[in-house]
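These are the residues of each chain, in order.
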Amino acid sequence: QVQLVESGGGLVQPGGSLRLSCAASGFTFSSYTMSWYRQAPGKERELVAGITSAGSSTNYADSVKGRFTISRDNAKKTVYLQMNSLKPEDTAVYYCNADRPWTRINYWGQGTQVTVSS
């Protein structure tokens with residue numbers, strides 16, 4: 001059974017940091033591109049950051065460049081999102097996504113809420 005379980009969300013003050021984790025099971029994690037998306041109330045889901053299967057390449061939304069870092073540990077089947085210098089506009093539900101390149105195989109986690117507020 002495929003599972004992506006996010007954790008690490010919560011309430012943080014502006015300027016603070018959070019580290020999200022996404023633990024994967026039920027598929028060959030090391031063969032998948034992993035990404036973090038987010039969806040704020042009333043807005044479409046957007047890509048935040050992605051990392052290739054071996055971790056050799058990453059990409060980021062312009063709005064988080066220099067503040068967020070995506071990483072993965074294939075031995076632990078986990079992908080991370082380190083979020084620094086958080087802003088109120090980073091408030092959203094953050095979702096983990098697994099995508100098998102060149103296929104239509106794609107999995108989503110259930111999401112974790114991140115709220116940035118004083």
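Residues numbered from 1 in each chain as written. Predicted model: local features only at pLDDT ≥ 70, side-chain atom pairs only at ≥ 80, totals over all residues. Heavy atoms only, no water.

S.K.: How do you make sense of the sheet that holds strand β7 (residues 68-73) when you look at a structure like this?
M.R.: Pairing between sheet strands relies on hydrogen bonds along the backbone, with the strands arranged either parallel or antiparallel. Read from one edge of the open sheet, 4 strands run β1-β3-β8-β7, paired in antiparallel fashion. Where the open sheet ends on each side, the last strands, each with one partner, are β1 (3-7) and β7. Direction aside, neighbouring strands of the sheet carry axes that sit 15° apart on average. Judged from the 6 bridges that link them, strand β3 (residues 18-25) and strand β8 (residues 78-83) form a sheet pairing that is antiparallel. Across the sheet, Ser21 pairs through a bridge with Tyr80, a residue of β8. (Pairing = 2+ DSSP bridges. Helix = DSSP H or I, 4+ residues; strand = E, 2+ residues; numbered from the N terminus. Axes fitted to C-alpha atoms, helices over the stretch in contact; angles between N-to-C directions.)

S.K.: Quick question: what am I supposed to make of the environment of Leu86 here?
M.R.: Positionally, Leu86 belongs in the loop between β8 and β9 (92-99). Look at Leu86 and you get buried, because its relative accessible area is 2%. Separated by 73 residues in sequence, Leu86 and Gln13 place their C-alpha atoms 7.6 Å apart. Other than its neighbours up to four places away in sequence, Leu86 contacts Val12, Pro14, Gly15, Gly16, Ser17, Leu18, Arg67, Phe68 and Val116. (Buried < 20%, exposed > 50% of the residue type's maximum accessible area, 1.4 Å probe, protein only. Contact = heavy atoms within 4.5 Å.)

S.K.: Which parts of the structure should I look at to understand the nonpolar core?
M.R.: Burial of nonpolar side chains together is a common tendency in soluble globular proteins. Core analysis: the largest hydrophobic core is formed by 29 residues, its most contacted members being Met34, Trp36, Val79, Leu81, Met83 and Tyr94. Secondary structure elements with two or more residues in this core: β3, β4 (33-39), β5 (46-51), β7, β8, β9 and β11 (112-116). What Met34 contacts, discounting residues up to four positions off in sequence, is Leu4, Phe29, Ala49, Gly50, Ile51, Ile70, Arg72, Val79, Cys96, Asn97 and Ala98. (Core = buried A, V, L, I, M, F, W, Y, C linked by side-chain atoms within 4.5 Å.)

S.K.: Just checking my understanding: could you explain unusual backbone geometry for this structure?
M.R.: Most peptide bonds are trans, and most residues other than glycine sit at a negative phi. Non-glycine residue Lys77 carries a positive phi angle of around 55°. Its location among the elements puts Lys77 in the loop between β7 and β8. With phi around 50°, Ser85 is a residue other than glycine that occupies positive phi space. Among the secondary structure elements, Ser85 is positioned in the loop between β8 and β9.

S.K.: Please clarify how the packing of aromatic side chains should be interpreted in this entry.
M.R.: Geometry of an aromatic ring pair is reported as the spacing of the ring centres plus the angle between the planes. Tallied over the entire structure, the rule returns 6 aromatic pairs. Here Phe27 and Phe29 contribute two aromatic rings whose centre-to-centre distance is 6.5 Å and whose plane-to-plane angle is 50°, an arrangement assigned as tilted. On the basis of relative accessible area, Phe27 is assigned to the buried category, the value being 10%. Classification of Phe29 by relative accessible area gives buried; the value is 1%. The structure contains a cluster of three or more aromatic residues connected by ring pairs, namely Phe27, Phe29, Tyr32 and Tyr107. (Phe/Tyr/Trp six-rings, centres within 6.5 Å; stacked < 30°, edge-to-face > 60°.)

S.K.: Which parts of the structure should I look at to understand the environment of Gln1?
M.R.: On the secondary structure map, Gln1 appears in the segment before β1. Classification of Gln1 as exposed rests on a relative accessible area of 80%. Considering only alpha carbons, one finds Gln1 and Phe27, 26 residues apart in sequence, at a separation of 8.0 Å. Ignoring any residue separated from it by four or fewer positions in sequence, one finds Gln1 in contact with Ser25 and Gly26.

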